[in-house]
Amino acid sequence: MSLTLPRETGAPQKTGRGLVAAIGVAELFYAAAGALPLILGLGLKVQEIAPANKEAVLGFVAALGGVATVISNPLSGHLSDRTTSRYGMRRPWILGGSLLGLAGLILLALAGSIALVAVGWMVAVTGYQAMVAGLTATVVDQFPVERRVRVAGVFSMCNMLGVVPAMALSQMFKGELLLQFTICGGLAVTAAGVLCALLPDRRLDPAERRPVNVGSLVSALLVLPRHARDYRLLWVQRLLVSIGFALISSYSLYYLQSRIGMPTAEAVALVGLTTIASTLLSGLFAYLGGRWSARIGRGRPFVLWATAILGVTLLLKAATASVGVVIVVAVISGAATGVYYAVDLGLVTQVLPDERDAGRYLGAFAMAKHLPSAIAPALAPVLLGLGSDPFAEGPNYFVLFSVCGLLTLAAAPLVGLLRDVR
């Protein structure tokens, strides 16, 4: 099949389920390739090279990856909006990003120093953020407004389920980081290649290409245009929700040990069980939420209620010390998270300030999710050190989870202020 396309910049074409499936599979293996090092691989590599101060080194390397994520996604999206390749606007970024990501993973696996670990991880992150920037923009390029929420449901479902193949590979090839990373990265490249072969990608006429310069690159990181009220509201509410979850993302094990007094082995088992259950439910409800929202033609109620439920579950964990509550919260929040991310993504595709800059604005929207991950790790210990936990001795998880819950609840009213989507 030839990848050369006729010039066209028009509306999205009619596309079938095969393309939706190909986008979903590419998203699944992108997510797996990005998650695999974070599950165990990055920590094991750091421990192998710098065992004496592994915690500090891992935090530093992870922070560098966070910075690369925040910068590379919107910039890649911005550049893809102005790509005039004969192969289309998004294909070079989807396939090229997957190849760069694989190269970074291999470098990370072979690294013999912390400097190379950091470089390998940043290269991998940069590549996979370029890949996902191209993937996300295809939702706008290829599908009319009325189909985007449903497609976003499939997209979000596959993103959330990416942890499943990552966990499977980490268990199948324990200790074999190079093999794990090569297989997972290779699957991402394969999925990207299949998608690129099927994708009727738009080809931008060079005469219509807007300039790329320092000013345009800086503007790609300035994400709140004045003339796009609904986009700003969705960006801010995504930021608030993401801050809440970033603050607690690394503390599930410690919460069980400190708040509930659970032995380490039992706590590890429970974290694994609830993580798997929550992930599977998130994927299922992302798909169902996208379909249901598209069927009734309303997205705001789904995002509003999902946000409210997430906030309440965080407050419930703040005010209780029960294993049963932890399990119930994992189930409910898993379902609500799936609905939230799927429908929220679908809504933002409908209120982009300029669809010619779909890559830029969707990359900037992703920044609202990733930016807290670079900031929250420094803030969480401060909150844990404030006062004393009324439910147990040790770090103050009451304050930490209360702050997270209130931030999430504060995002819910913003959804009700949207004007241009239902």
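Structure's up top.
Nothing here was measured: the structure is a model prediction, and the numbers come from that model. (Residues numbered from 1 in each chain as written. Predicted model: local features only at pLDDT ≥ 70, side-chain atom pairs only at ≥ 80, totals over all residues. Heavy atoms only, no water.)

Chemist: How do you make sense of the packing of helix α1 (residues 17-49) against helix α4 (residues 114-142) when you look at a structure like this?
Modeler: Packed helices, taken two at a time, are described by their axes: the angle between them and the distance between them. As a packed pair, α1 and α4 sit with axes 11 Å apart at the nearest point and diverge in direction by 165 degrees. Classified by the angle between their axes, α1 and α4 sit roughly antiparallel to one another. As for the relative orientation of α1 and α4, their crossing is left-handed in sense. (Axes fitted to C-alpha atoms, helices over the stretch in contact; angles between N-to-C directions. Helix = DSSP H or I, 4+ residues; strand = E, 2+ residues; numbered from the N terminus. Parallel < 35°, antiparallel > 145°, perpendicular 65-115°, else oblique. Left-handed = near helix turned anticlockwise from the far one by under 90°.)

Chemist: Sorry, what's going on with the nonpolar core here?
Modeler: Across soluble globular proteins, you tend to see nonpolar side chains buried next to one another. Counting 91 residues, the largest nonpolar core has Ile94, Tyr128, Met131, Leu195, Tyr231 and Val348 as the members making the most contacts within it. Considering every element that reaches this core, the biggest residue donor is α1, with 15 residues. Once residues within four sequence positions are removed from consideration, Met131 is found in contact with Ala26, Tyr30, Trp93, Ile94, Gly97, Ser98, Ala188 and Ala192. Counting 22 residues, the second largest nonpolar core, distinct from the first, contains Tyr251, Val271, Ala380 and Leu384. (Core = buried A, V, L, I, M, F, W, Y, C linked by side-chain atoms within 4.5 Å. Buried < 20%, exposed > 50% of the residue type's maximum accessible area, 1.4 Å probe, protein only. Contact = heavy atoms within 4.5 Å.)

Chemist: I keep staring at the environment of Ala111 and nothing clicks. Help me out?
Modeler: Topologically, Ala111 is positioned in the loop between α3 (91-110) and α4. Accessibility expressed as a relative area gives 4% for Ala111, which makes it buried. Sequence separation between Ala111 and Lys45 is 66 residues; the distance between their C-alpha atoms is 8.3 Å. Residues within four places of Ala111 in sequence aside, it is in contact with Lys45, Ile49, Leu116 and Val117.

Chemist: Is there a simple way to explain the pattern of salt bridges in this structure?
Modeler: Between side chains of opposite charge, pairing is possible as soon as their charged atoms come close. Taken as a whole and assessed by the stated rule, the structure comprises 8 salt bridges. A salt bridge links Glu48 to Lys45; the shortest N-O distance between them is 3.8 Å. Residue Glu48 and its partner Lys45 are located together in helix α1, separated by 3 residues, close to a single helical turn. Two residues, Asp230 and Arg229, come together in a salt bridge whose shortest N-O distance is 3.8 Å. One salt-bridge network, in which partners are shared between bridges, spans Asp81, Arg90, Asp141 and Arg202. (Salt bridge = Lys/Arg side-chain N within 4 Å of Asp/Glu carboxyl O.)

Chemist: I keep staring at the packing of aromatic side chains and nothing clicks. Help me out?
Modeler: In this description, an aromatic ring pair is defined by two values, namely the gap between the centres and the angle between the planes. Scanning the model with the defined rule gives 8 aromatic pairs in all. Seen in terms of ring centroids, Tyr340 and Tyr341 are 5.0 Å apart; in terms of plane orientation they differ by 75 degrees. Their pairing is edge-to-face. Ring centres 6.3 Å apart and planes at 40 degrees place the aromatic pair Phe391 and Phe398 in the tilted group. For Phe391, a relative accessible area of 37% translates into the label partly exposed. Three or more aromatic residues joined by ring pairs form one cluster here, namely Tyr255, Tyr397 and Phe401. If you follow Lys317 out to its NZ or CZ, it ends over the ring of Tyr255, 4.7 Å from the centre. Against the face of Tyr341 rests Lys369, its NZ or CZ located 4.7 Å from the ring centre. (Phe/Tyr/Trp six-rings, centres within 6.5 Å; stacked < 30°, edge-to-face > 60°. Lys NZ or Arg CZ within 6 Å of the ring centre and 35° of its normal.)

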